[in-house]
Amino acid sequence: MIKPGKNWDIFCKIVDNYGDIGICWRLAKQLAHEHALNVRLFIDEVSVAKKIIPDLDVDKPQQTVNRVQVVTWASIGTNQIALDKVDVVLETFGCELSAHYLQHLSPETVWINLEYLSAENWVSEFHAKPSRHPTLPLTKHFFFPGFFEDTGGLIREHDLISQRDVFLASQVLQKDYWQRVAGVEIDTSAINISLFCYPQATIKNLIEGLKTSDQKINLFIPIGNTVKDISSIFVDKNLDIGDVFQQGNVTIQVLPFLSQDDYDRLLWACDLNFVRGEDSWIRAIWAAKPFVWQPYIQADDAHLVKLNAFLDFYTQDLSDETKTLINQTHLSWSGYVESNTTDNIWLRLIDQLSSIAIINKTRADTLSAQADLATKLVMFSEKLQKNQV
C-alpha cells in the first residue's frame, strides 16, 4: 500500500444514467477510506450524480463528501480550484482529460485509463499496457478490470462479503430492510425478484412467462425507466413509488430510488436479480444469488460478444443442462433467443434457482479471494512510482 497522503484525481463523465458515476463513487470512497488517499472526484453532471451522492450541493464547484472532494469539470481552468500536484490521475471509461488539465501534470504523474469490465480473452493481453502522449512527456496506462488474476480485478470493498453474510443470517435485518424500502413484510415463501434493465430487455416475455408459475412471485422494481416501460406494457397509467399490481401469480411493486447500500441489500435479499451494465452486474456477482445480466447495447452487436465471453467464463465446468439454461436466459433477456425455442425458460429458471445459487456462491467465493480493483490500482501505481525513482 502506498503511503497516506498521496493525491489521486478521478475523472468521470456520466454517460448512461448512474452506472459510470456509481462505480467511480464507490471507487473514490474506497480509495479514501481503505487506502488513506486524498481523492478528488471530477464529475460533469452534478445534478445526475446527486442521485448517487445525495449530500451533494449542486451549486458548489467543489465540496467534500464522505472524505472525497467532489469537483465539477466546469471549474477546471477557472480560479475556483487549484490544480495541485497529482500523484495519480484516473481517467475512467475513456472520458478524455482536457488539454488544460494535462498541461499541469508532471512526467512523474501516474496516468491510468480505467476501462470497462469484460471477460473477453484479449483483456489479459492488453491490461496495464502503456501509451505515450504524442506531444507531452506523459504516459497513459490502460487498466482493465477483469475476472482473472492477470487483470485489474473487480471493485469490492474489504467488508462487503462479511456485511452480506451478516445480513443474510439475520431475519431481523431483512425484515427491517423490507419494511423500510417496500413498506411491507415480505412473504419468505415467495420467490422474490429484483428488476433493473435497459429498454431492449424482453420484459413482456418475462412477466408473461412468470405469471403462470405455481409459486407466488414478487417482482421489485426501483423507480426509473424500467417502471415506465412496464407501465406502457401492462397498465394504462404511469406507475409510481409504492404502486402494486398483479399479473397472474406475479405481484409487481415499485420501490423508491435506492441508495447504493440499499440496492446492495436488495440484491442480497432477493432470490433472483436482473441487472444491467457494469455496476449492478458486479454487485449481483457479490450477492452470490442467481442473476441475469443485460450488457449495455453497442453497435454491431459488440455487446453480444461481451455477453458470450462472460457466459463462457461463468458457466465453465457446469453440466450441459445447467449451462444451456443459464445461456438461454441471458441471451433471451437481451433478445437473442426466439421465445418459441425456449420452452418458458423463466419457469425452468425458477425451478433451478437453488442449484444455481450454489454455483453463484462458489463463483463469488473464488472471485473474492482475488485482490480487488482498488487494491490492484494502488499496487500498480506504487510499482510505476518506484520505477521512476
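Look up a bit, the structure's there.
Residues numbered from 1 in each chain as written. Predicted model: local features only at pLDDT ≥ 70, side-chain atom pairs only at ≥ 80, totals over all residues. Heavy atoms only, no water.

A. View of the environment of Ile-297. By the secondary structure assignment, Ile-297 is in the loop between β14 (291-294) and α11 (302-314). Under the relative-accessibility criterion, Ile-297 is labelled partly exposed at 28%. As for Ile-297 and Pro-199, which are separated by 98 residues in sequence, their C-alpha atoms are 10.0 Å apart. What Ile-297 contacts, discounting residues up to four positions off in sequence, is Gln-200 and His-303. (Helix = DSSP H or I, 4+ residues; strand = E, 2+ residues; numbered from the N terminus. Buried < 20%, exposed > 50% of the residue type's maximum accessible area, 1.4 Å probe, protein only. Contact = heavy atoms within 4.5 Å.)

B. Examining unusual backbone geometry more closely. The phi angle at Asn-66 is positive, at roughly 55°, despite the residue not being glycine. Turning to its location among the elements, Asn-66 is positioned in the loop between β3 (62-65) and β4 (68-72). A positive phi angle is found at Asp-317, which is not glycine, with a value near 70°. As for its placement among the helices and strands, Asp-317 is situated in the loop between α11 and α12 (320-333).

C. Spotlight on the sheet that holds strand β5 (residues 88-92). With mixed pairing, the 8 strands of this open sheet are ordered in space as β3-β4-β2-β1-β5-β6-β8-β7. A strand with exactly one partner marks an edge of an open sheet, and here the two such strands are β3 and β7 (129-132). Averaged over all adjacent pairs, the angle separating strand axes in this sheet is 25°, with direction ignored. Pairing analysis gives 6 bridges linking strand β1 (residues 7-12) to strand β2 (residues 38-43), with the strands arranged parallel. Directly across from Asp-9, in β2, lies its bridge partner Arg-40. Across the sheet, helix α1 (residues 19-34) lies against β1, β2, β3, β4, β5 and β6 (110-114), angled at about 165° from β2, the strand it touches most. (Pairing = 2+ DSSP bridges. Axes fitted to C-alpha atoms, helices over the stretch in contact; angles between N-to-C directions.)

D. Quick peek at empty space enclosed by the protein. Applying the stated criterion across every chain, the model contains 2 cavities of 30 Å³ or more. Residue assignment for the lining of the largest cavity shows that the elements contributing at least two residues are β14, α12 and α14 (353-368). Take the lining of the largest cavity: its biggest share by element is 3 residues, from α12. Classifying every residue of the lining of the largest cavity gives 8 nonpolar, 3 polar and no charged. The calculated volume of the second largest cavity comes to roughly 40 Å³. What lines the second largest cavity is Ile-23, Phe-93, Leu-114, Glu-115, Pro-145, Leu-154, Ile-155, Glu-278, Ile-282 and Leu-373. (1 Å grid on protein atoms, 1.4 Å probe; cavity = no way out; pocket = protein on both sides within 12 Å on 5 of 7 lines; lining within 4 Å. Points joined across faces, edges and corners; volume = space filled by probe spheres on them. Nonpolar A, V, L, I, M, F, W, Y, C, P; charged D, E, K, R; others polar.)

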